[in-house]
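# An overview of the molecular structure
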Amino acid sequence: MMYSKIIGTGGYLPEKILTNKDLEAMVDTSDEWIRTRTGIQQRHIAHKDQVASDLALYASQNAMQAAGVTQKDIDLIIVATTTPDMVFPSTACILQEKLGIDNCPAFDVQAVCSGFVYALATADMFVRSGKCRNALVVGSEIYSKILDWNDRSTCVLFGDGAGAVVLSQSEHPGILSTHLHASGSYSKVLSVPGSIGGGEIQGTPFINMDGNTVFKFAVKVLEEVVREAIAENNLQAADIDWLIPHQANIRIIKSTAKKLGIPMEKVVTAVNKHGNTSAASIPLALDMAVRDGRINSDQLVLLEGVGGGFTWGAALLRW
Ligand code: UT7
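Here we summarise the structure given alongside this text.

## Concerning the layout of surface pockets
Here the largest pocket defines a volume of roughly 680 Å³. Taken together, 29 residues line the largest pocket, and the ones lying closest to its centre are L157, M209, G211, N212 and N249. The element best represented in the lining of the largest pocket is helix α7 (residues 211-232), accounting for 6 residues. A class-by-class count of the residues in the lining of the largest pocket yields 14 nonpolar, 10 polar and 5 charged.

So this is what it looks like as structure tokens:
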């Protein structure tokens, strides 16, 4: 029996930090409102010349170094992003060239804030089937490019960043199970409804969100998908050593943990420093908890996320 296992993690956050105080000077908001409603204190913002593949490059190099692999070892690249460098080629192909890797499959996954869980689940299939040995799985986002900086209801919530893992063949599990869901009937609740046509942008190229509906849906489906993952593995919520949720809002994270009976000491949070980095948020939080020594060998780690589409999913791992 072949399994897949994460053997290295990496992250990258752009240098520039935008604090809630900075935002007070830009829109009608307050540090107090942002902190109490979301838990966010600051977020990182990419340089205007940076694109998603640039952030992905740094995160990938960190992950490959941690894994002890080089370019020649990587035989699959999947990038989860909602903010690709361009319409095509895919950000994964651009990243492949920047990394100096030649001739391995490379493609993007578009599942918004669940993108990393979708990408990891896809890579897991490739690795377990023997189709590839070492997959580079990346979440990279530059939401600062798709925010209307005059819209206080969205511009205070998001940040830029990238996280990456190397997923490799292993005789021991690794990824125990993955669980993916989508419901397109909610597509209008959270979207960037613009498109390119006839040489022009048609519609709105900025995030549009019904925050309250997203909030309620998120708390409901995140609890469901975590219960699905632990039931499939004949486990209890108490068996989970680390819950690594998508980092959108500390209130969503706390509500989900409370419903599951998982104490906050077992929940990794980074939303205070990163804001919501969409597909990058889970691998960034994972990398943080691996590097600061919280996640140790043999522990059970549960990743979960929800995002536009709606999409949602979870992955249960033995570290
Ligand atoms: O990654 C997945 C994507 N997104 C999410 O997961 C986000 C999910 N939703 C949320 O996190 C929350 O719904 C928000 C943080 C977006 C909003 O929090 P809320 O507690 O649901 O607030 P609300 O939308 O009910 O708005 C309350 C008030 C409104 O004023 P009125 O109508 O009560 O007078 C808003 O106009 O807060 C106002 N408001 C703000 N005030 C100051 C909205 N944005 C701001 C702001 N600063 N930035």
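Don't stop here, the text continues.
## Here's the deal with the site of the ligand
Contacts to the ligand come from 23 residues, most closely from T29, R37, H246, N249 and N276. Here an oxygen atom of the ligand sits 2.8 Å away from a polar atom, N or O, in the side chain of H246. Within the side chain of R251, an N or O atom sits 3.4 Å from an oxygen atom of the ligand. Protein contacts shield 72% of the accessible area of the ligand, which totals 960 Å² for the unbound molecule. More than half of the atoms belonging to the ligand lie within 2 Å of the grid points that define the largest pocket. Taken together, the elements giving at least two residues each to the shell around the ligand come down to α2 (31-38), α6 (152-155), α7 and α8 (250-260). Broken down by element, the residue count for the shell around the ligand peaks at 4 residues, all from α7. Here the residues of the shell around the ligand are counted per class, giving 11 nonpolar, 8 polar and 4 charged.

About the thresholds
Residues numbered from 1 in each chain as written. Predicted model: local features only at pLDDT ≥ 70, side-chain atom pairs only at ≥ 80, totals over all residues. Heavy atoms only, no water. 1 Å grid on protein atoms, 1.4 Å probe; cavity = no way out; pocket = protein on both sides within 12 Å on 5 of 7 lines; lining within 4 Å. Points joined across faces, edges and corners; volume = space filled by probe spheres on them. Helix = DSSP H or I, 4+ residues; strand = E, 2+ residues; numbered from the N terminus. Nonpolar A, V, L, I, M, F, W, Y, C, P; charged D, E, K, R; others polar. Near = heavy atom within 4 Å. Polar contact = N/O pair within 3.5 Å; in protein donor to acceptor, adjacent residues only side chain to side chain. Areas by Shrake-Rupley, 256 points an atom, 1.4 Å probe, with all protein chains shown as cover. Sits in = over half its atoms within 2 Å of the grid points.

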